[in-house]
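Residue-level structure breakdown
Each chain, letter by letter, is given below.
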Amino acid sequence: MTRSKDSSTSLRIAIQKSGRLTDKTVDLLHGIGIEFDNYKRNLMVKTRNFDIELLLLRDDDIPEYVQDGVCDLGFVGANEVYEKNANVTVLRGLNYGRCRLAIAAPKNGSIKQPEDFNGKTIATSYPFLTEKFFSEKGIDVNLVEISGAVEITPQLEVADAISDLVSTGGTLRANGLQELFTILESETKLIQTNLELSPGKQELVDKFLVRIDGYQQAKRSRYIMMNAPKDSIESIREIIPSMKSPTIVPLAETDMVAIHTVIPIDRFWIVMEELKSAGASDIVMLPIESMIL
Ligand code: PRT
Ligand code: ZN
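If you're wondering where the values come from, they're calculated on a predicted model, not measured in any experiment.

Turning our attention to the overall build of the chain. On a plain count of helices and strands, the chain comes out with eight helices and 15 strands. Based on the C-alpha atoms only, the size of the chain along its principal axes is roughly 80 × 55 × 35 Å. Residues classed as buried in the chain amount to 45% of the 293 residues present. Partitioning the intrachain contacts of the chain with sequence separation of at least 6 by distance along the chain shows that 68% fall at a separation of at least 24. Counting 33 positive and 42 negative side-chain charges, the chain places the centres of these two groups 3 Å from one another.

Okay, structure coming up:
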């Protein structure tokens, strides 16, 4: 289909108005150089330095707004994208808002295996994904759709078990529930409408993605500087999984050099220890704002 909603040339992006995803999404947008304010008071915000407008919505509504082309892009949890079965393209996983949609039942009850759920009642705000999970296993369950405080329903005898989002598991424990199975691992996704965008908008989306990739790569990396004796350069080069070759600068002290490079954050402590044993000293690590490879 080539229907286009391009009456406006601004790229319209949906973000959660107020909730768990809002601060991190706003940080990300500011982090990639998009300037705006007053997003707490308005439903639509024009950005100052890009042809982008932000629409501030409830997270439940974002997949449909993007699917229908009211917004071109959206930031929303995978749980909402897949629950709404939205016809959109997932462009990126964004590594925040992590949680899982899980099935839980009373800790001291008799429901433990999938088969134990036959004929049981499950309370959930995710009827589509929950129904799909059980029907794929050939298990017949009754669903009660609840929009909040799902964890309390077994105590109220409204349901035998629940299907709900979990992150730390603290809420389940506080309600005497035990997590049994995971239906979906979720994180925030950047989604795009499947309706065709004008070339101008598509170009903006491409630029936006380069910035997001740079921002995410920067978050996963650290700039590292150290001093080392010249004769340990080779062993240090072997330790550093550098992007390209590290920068090596001679120091006034003739047998010493300064080495600068970028390393992945998950290897930082291992690399530090190895560098120290290879003779490096004065090791300094700095966060990186953004990087374009
Ligand atoms: O008003 P609006 O509809 O926009 O917001 P909302 O109230 O529906 O959603 P919100 O802001 O609570 O969550 C937005 C998104 O954050 C969700 O759609 C998920 O993608 C993501 N997310 C990440 C979570 C959690 N972690 C989470 N823990 N959403 C909800 N929870 C709930 C969980 O169900 C439990 O009740 O938080 C409670 C605490 O969890 P535990 O396991 O840490 O105890
Ligand atoms: Zn919601």
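Once that is clear, we can look at the coordination of the zinc ion (ligand 2). Those protein atoms acting as donors to the zinc ion (ligand 2) are Asp 59 (OD) and Asp 60 (OD), and they sit at 2.0 Å. Its relative accessible area of 18% is what places Asp 59 among the buried residues. Taking the relative accessible area as the measure of exposure, Asp 60 reaches 24% and is therefore partly exposed.

This part covers the packing of helix α1 (residues 22–31) against helix α6 (residues 199–219). Two elements in contact, α1 and α6, have axes separated by 10 Å at closest approach and are oriented at 105°. With respect to α6, the element α1 is oriented roughly perpendicular. Each of Asp 27, Leu 28, Leu 29 and Gly 31 in α1 lies in contact with α6, whose residues at this interface are Phe 208, Ile 212 and Tyr 215. The class makeup of the residues in the contact of α1 with α6 is five nonpolar, one polar and one charged.

When helix α4 (residues 127–136) is considered as a whole, its buried residues turn out to be Pro 127, Leu 129, Thr 130, Phe 133 and Phe 134. Those residues of α4 hidden inside the fold are in contact with α3 (78–83), β6 (99–106), β7 (121–124), β8 (142–145), β9 (161–166) and β10 (177–186). Phi turns positive one or two residues past the end of α4, at Gly 138, with a value near 70°.

On the surface, a nonpolar cluster with roughly 240 Å² of combined accessible area is contributed by Ile 152, Leu 156 and Val 158. Take Leu 156: it is sitting in the loop between β8 and β9. For Leu 156, a relative accessible area of 55% gives the class exposed.

Attention now moves to the pairing of β6. Counting buried residues in β6 gives six out of eight residues, a clear majority hidden from the surface. As paired strands, β6 and β10 are joined by eight bridges and run antiparallel to one another. Among the inter-strand pairings, Ala 104 is bridged to a residue of β10, identified as Glu 179.

Rules used in this analysis
- Residues numbered from 1 in each chain as written.
- Chains lettered and ligands numbered in written order.
- Predicted model: local features only at pLDDT ≥ 70, side-chain atom pairs only at ≥ 80, totals over all residues.
- Heavy atoms only, no water.
- Helix = DSSP H or I, 4+ residues; strand = E, 2+ residues; numbered from the N terminus.
- Buried < 20%, exposed > 50% of the residue type's maximum accessible area, 1.4 Å probe, protein only.
- Contact = heavy atoms within 4.5 Å.
- Lys, Arg positive; Asp, Glu negative; His and termini not counted.
- Charge placed at Lys NZ, Arg CZ, Asp CG, Glu CD.
- Donors = N, O, S within 2.8 Å, 3.2 Å for Na, K, Ca; no water.
- Axes fitted to C-alpha atoms, helices over the stretch in contact; angles between N-to-C directions.
- Parallel < 35°, antiparallel > 145°, perpendicular 65-115°, else oblique.
- Nonpolar A, V, L, I, M, F, W, Y, C, P; charged D, E, K, R; others polar.
- Patch = residues over 30% accessible without salt bridge, like charges linked within 9 Å, V, L, I, M, F, W, Y side chains within 5 Å.
- Areas by Shrake-Rupley, 256 points an atom, 1.4 Å probe, with all protein chains shown as cover.
- Salt bridge = Lys/Arg side-chain N within 4 Å of Asp/Glu carboxyl O.
- Pairing = 2+ DSSP bridges.

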